[in-house]
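# Fold and contact review
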Amino acid sequence: MADAKVIPFDDDRSRARRRPTGGRGEGAAAVRALPAQPAPAPAEAPAPPPPAGGGSGWERRLAGGLAFLRRRVTGDYEVDEFGYDEELTDQVLMSLLRPVYEKYFRVEVKGVENIPKEGGALVVANHSGTLPLDGLMMQVAVHDHHPAGRHLRLLAADLVFMLPVVNELARKAGHTLACAEDAERLLRAGEVVGVMPEGFKGIGKPFAERYKLQRFGRGGFVSTALRAGVPIVPCSIVGAEEIYPMLGNAKTLARVLGLPYFPLTPTFPWLGPLGALPLPTKWTIQFGEPIPTDGYPLEAADDPMLMFNLTDQVREQIQHTLYKLLVQRRSVFF
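Below, the discussion takes up the confidence of the model for the chain. Per-residue confidence for the chain gives a mean pLDDT of 85; residues scoring 70 or more make up 83%. Low pLDDT, under 50, characterises residues 1–48; the predicted model gives this stretch 40 contacts beyond four residues in sequence or across chains. For the stretch residues 50–54, pLDDT sits under 50, and the model shows three contacts to residues farther than four places along the chain or on other chains.

Written as structure tokens, this is what we have:
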């Protein structure tokens, strides 16, 4: 199998979608331009012409699927230096996540237009849910609802890239290690980057502390945004806290397995694999007003007081929006 081509990070990866040339109107005009002919005998009537558009919808989808498989087998596809495979993400990964997003969690998106139409931006969100499904749902929200069709590149913990299969899928979906160097390179290249500063403290917190933001680290994400000169877009996610109500943590088992925590929920591990099924809660993802950083001097990224103030501003904006969404929510499931 041929290797995939690696493209420079700042290359234009957008692909023009092919549209069939010609249409129903052109075919009709051509028929009208023909000279009149005597009507043939009924027994010799020609077969009707094929419908405009090149066949039925399923035939076109089948042809597109076969073309996609041929490109995968021959290696005729592109990835960037981080391993991001845009075609695979658009046609396969998003298609697998979309039913969960639309039918299971019934995600409602607000304010996605606050993410700039072009250029870099850092989306900062709360983290919850025992398993990091909130990051994936946020990725679908940006991919499917942003007016400019932007892609969200998530910064993930090193544990993600230590797991077999998950590591490869994360790279293909555009995720990269949560470090300042990779984040700054993505932002300077004009990408939309997503970060959840609460980390494992957020997704592994007890159910009794739901929707109470944990510490946002040392403000490294603010420093990265300042160095790249990109806006910070706060994001609040409601609904993920209840998908796995974490009532306890088996710390000894977690240490044995090398995990940050081992959740005990009303269904897991008591019901086995069935207990790992998340509850079908109703989600809301709201993107807030962007906080600009391009007006600060270059040395501002090394000012600890400024980083503390901006970090606190982002955290407070996310927390305030969470409380507002919770008040507006009718039910956990509806």
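Moving on: the packing of aromatic side chains. Per the stated rule, a full pass over the model turns up four aromatic pairs. Ring geometry for Y104 and F105: centres 5.2 Å apart, planes at 75 degrees, overall edge-to-face. Taking the centre distance of 6.1 Å and the plane angle of 75 degrees together, the rings of F216 and F221 count as edge-to-face. Linked through ring pairs, Y104, F105 and W283 together constitute an aromatic cluster. The ring centre of F207 lies 4.1 Å from the NZ or CZ of R210, which sits over that ring.

A complete count under the given rule lists 14 salt bridges for this structure. For D80, the salt bridge identified is with R153, shortest N-O distance 3.0 Å. In this pair, D80 is assigned in the loop between strand 2 (78–79) and helix 3 (86–104) and R153 in strand 5 (residues 152–156), connecting sequence segments 73 residues apart. An identical accessibility class is assigned to D80 and R153; each is buried. Residue E191 pairs with R153 through a salt bridge whose shortest N-O separation is 3.8 Å. Taken together, the residues E191 in the loop between helix 6 (180–188) and strand 7 (192–195) and R153 in strand 5 connect sequence positions 38 residues apart. For R153, a relative accessible area of 0% puts it in the buried group. Salt bridges linked by common partners bring R71, R72, D85 and E87 together as one network.

We now examine the side chain of N114. Within the element layout of this structure, N114 appears in the loop between strand 3 (108–110) and strand 4 (121–125). The contact partners of N114, leaving out residues within four places of it in the chain, are V233, F287, G288, E289 and P290.

L122, V124, F221 and V314 are the most contacted members of the largest nonpolar core, which totals 30 residues. Broken down by element, this core gets its largest block of residues, seven residues, from helix 10 (residues 304–328). With near-sequence residues (within four places) excluded, F221 lies in contact with L122, V124, V195, P197, F216, T311 and V314. By size, the runner-up hydrophobic cluster in this structure holds 27 residues, among which are M138, A240, Y244 and I285.

Looking now at helix 8 (residues 220–228). With seven of nine residues buried, helix 8 lies mostly within the body of the structure. All of the buried residues along helix 8 are F221, V222, S223, T224, A225, L226 and A228. For helix 8, the elements touching its buried residues are strand 4, helix 6, strand 7, strand 8 (232–238) and helix 10. Just past helix 8, the residue G229 takes up positive phi, approximately 70 degrees.

Moving on, we come to the sheet that holds strand 8. Strand order in the open sheet made by the seven strands is 3-11-8-4-7-5-6, with mixed pairing throughout. In the strand order of this sheet, the two ends are held by strand 3 and strand 6 (176–177), each with one partner. Relative to strand 11 (residues 284–287), strand 8 runs antiparallel, the two sharing four bridges. Across the sheet, the residue bridging to S236 is Q286, located in strand 11. Against the sheet, helix 4 (residues 133–145) engages strand 3, strand 4, strand 5, strand 8 and strand 11, with an angle of about 165 degrees to strand 5.

About the cut-offs
Residues numbered from 1 in each chain as written. Predicted model: local features only at pLDDT ≥ 70, side-chain atom pairs only at ≥ 80, totals over all residues. Heavy atoms only, no water. pLDDT = per-residue confidence, 0-100. Contact = heavy atoms within 4.5 Å. Phe/Tyr/Trp six-rings, centres within 6.5 Å; stacked < 30°, edge-to-face > 60°. Lys NZ or Arg CZ within 6 Å of the ring centre and 35° of its normal. Salt bridge = Lys/Arg side-chain N within 4 Å of Asp/Glu carboxyl O. Helix = DSSP H or I, 4+ residues; strand = E, 2+ residues; numbered from the N terminus. Buried < 20%, exposed > 50% of the residue type's maximum accessible area, 1.4 Å probe, protein only. Core = buried A, V, L, I, M, F, W, Y, C linked by side-chain atoms within 4.5 Å. Pairing = 2+ DSSP bridges. Axes fitted to C-alpha atoms, helices over the stretch in contact; angles between N-to-C directions.

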